[in-house]
Amino acid sequence: MFMLQVASLSWIWFFVLGITWWIITLLREALRLHDAPDASVVISIVVIPVFLTLASVLTYVFVGLQRHRENDSPRRLSAGSSEKDSGVDDSNGLDAGRNVENSPDPTPR
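Since this is a predicted model, take the numbers as computed values, not measurements.

What counts and what doesn't
- Residues numbered from 1 in each chain as written.
- Predicted model: local features only at pLDDT ≥ 70, side-chain atom pairs only at ≥ 80, totals over all residues.
- Heavy atoms only, no water.
- Phe/Tyr/Trp six-rings, centres within 6.5 Å; stacked < 30°, edge-to-face > 60°.
- Helix = DSSP H or I, 4+ residues; strand = E, 2+ residues; numbered from the N terminus.
- Buried < 20%, exposed > 50% of the residue type's maximum accessible area, 1.4 Å probe, protein only.
- pLDDT = per-residue confidence, 0-100.
- Polar contact = N/O pair within 3.5 Å; in protein donor to acceptor, adjacent residues only side chain to side chain.
- Contact = heavy atoms within 4.5 Å.

This next bit is on the packing of aromatic side chains. Describing an aromatic ring pair means giving the distance of the ring centres and the angle of the ring planes. In total, this model carries 2 aromatic pairs according to the counting rule given. With centroids separated by 5.6 Å and ring planes inclined at 70°, the aromatic side chains of F15 and F51 adopt a geometry described as edge-to-face. Here F15, found in helix α1 (residues 2–32), pairs with F51, found in helix α2 (residues 38–72); they are 36 residues apart in sequence, far enough to count as distant. Here F51 falls in the partly exposed class, since its relative accessible area comes to 24%.

Before going further, it helps to spend a moment on the confidence of the model for the protein chain. The predicted coordinates of low-pLDDT regions are not to be read in fine detail. Averaged over every residue, the pLDDT of the protein chain is 75; the share at 70 or more is 64%. No element of the protein chain has a lower mean pLDDT than helix α3 (residues 83–86), which averages 50, and none a higher one than α1, which averages 89.

Moving on to the side chain of Q66. Mapped onto the secondary structure, Q66 falls in helix α2. Within polar-contact distance, the side chain of Q66 engages the side chain of Q5 at 3.2 Å. Each residue touching Q66, except ones within four places of it in the same chain, is listed here: F2 and Q5.

Right, dumping it as structure tokens:
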């Protein structure tokens, strides 16, 4: 799965840098031919920052997820520990595993 994510991230940067290079080439060609580069300039002003921002955000998220995964991966229950010792919260807020009939009523009377 990790290699698929790295390949996806590489493909995104390849795509973004390719588009950026292509737009810059269009601008150069328009200037060389003494053509009006209006459309190329407008497209480049909008597209290049948008693509670079999206690729940067995706890279940031990918790196953040990998750091989070590296920090959480060694957490496993050992032979003598309980769930409360491991920091894992499986309760989902529904009093799972507790005898609700014998527990005190939390509502004031």
